[in-house]
Amino acid sequence: MRPQSEIRVTLAAALVDGPGTTRQLAQHTGWAIGTTRRALDNMVTAGDAAKVARVRVPGVKRPVPVYGRAARRQALQAQGGAGVDLIMAWAGVQLAGPTDDDDEVTAMEAAM
């Protein structure tokens, strides 16, 4: 896997300080607004950041997203989010778990 770009590293560090809009994060990191917006969209797609809210900003017609750190699966489970595994399975995401051994009976085999 290739390393993260410099902007993603600086945006991740800025998100540790707290959530913010694209403009606030661009001012905090010193990157251009367009570059920051594209990097934040990519980070949301990758699961490194999340849109936590939408706020109204003077001079802008539409609500502006507020970006924050993405909650990881382990953090959600520690807070009692038992449905995380179900949501991840429904989304088709492979979960890290025990390896499949030949002597174990899967739920599908047991149902047959």
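The rules behind each value
Residues numbered from 1 in each chain as written. Predicted model: local features only at pLDDT ≥ 70, side-chain atom pairs only at ≥ 80, totals over all residues. Heavy atoms only, no water. pLDDT = per-residue confidence, 0-100. Contact = heavy atoms within 4.5 Å. Helix = DSSP H or I, 4+ residues; strand = E, 2+ residues; numbered from the N terminus. Salt bridge = Lys/Arg side-chain N within 4 Å of Asp/Glu carboxyl O. Expected span 1.5 Å × (residues − 1). Buried < 20%, exposed > 50% of the residue type's maximum accessible area, 1.4 Å probe, protein only. Arc of directions from axis to C-beta. Patch = residues over 30% accessible without salt bridge, like charges linked within 9 Å, V, L, I, M, F, W, Y side chains within 5 Å. Areas by Shrake-Rupley, 256 points an atom, 1.4 Å probe, with all protein chains shown as cover.

Caption draft 1: Examining the confidence of the model for the protein chain more closely. Taken over all residues, the pLDDT of the protein chain has a mean of 77, while the share at 70 or more is 62%. Counted against residues more than four places away or in other chains, residues 97–112, with its pLDDT under 50, gives three contacts.

Caption draft 2: Representation of the environment of Arg-38 within the structure. Its place among the elements puts Arg-38 in helix 3 (residues 33–46). C-alpha of Arg-38 to C-alpha of Thr-22: the two residues are 16 residues apart in sequence and 9.7 Å apart in space.

Caption draft 3: Representation of the pattern of salt bridges. Under the definition given, this model contains one salt bridge. The salt bridge involving Arg-8 is made with Asp-48; its shortest N-O contact spans 2.5 Å. Of this pair, Arg-8 sits in helix 1 (residues 6–17) while Asp-48 sits in the loop between helix 3 and strand 1 (49–55), and the two are 40 residues apart along the sequence.

Caption draft 4: Spotlight on helix 3. Over its 14 residues, helix 3 extends 20 Å from the first C-alpha to the last, a length consistent with the 20 Å expected when each residue adds 1.5 Å. Residues of helix 3 that are buried: Thr-36, Ala-39, Leu-40 and Met-43. Taken down its axis, helix 3 places every buried residue within 100° of arc, on the same side. Away from its buried face, by an angle of more than 90 degrees, helix 3 presents the exposed residues Arg-38 and Thr-45. Looking at the buried side of helix 3, the elements it contacts are helix 1, helix 2 (22–29), strand 1 and strand 2 (64–69). Positive backbone phi, at 90°, marks Gly-47, one or two positions downstream of helix 3.

Caption draft 5: Region of interest: a nonpolar patch on the surface. Together, Val-55, Val-57 and Val-60 make up an exposed nonpolar region whose accessible area comes to about 180 Å². Mapped onto the elements of the fold, Val-60 is located in the loop between strand 1 and strand 2.

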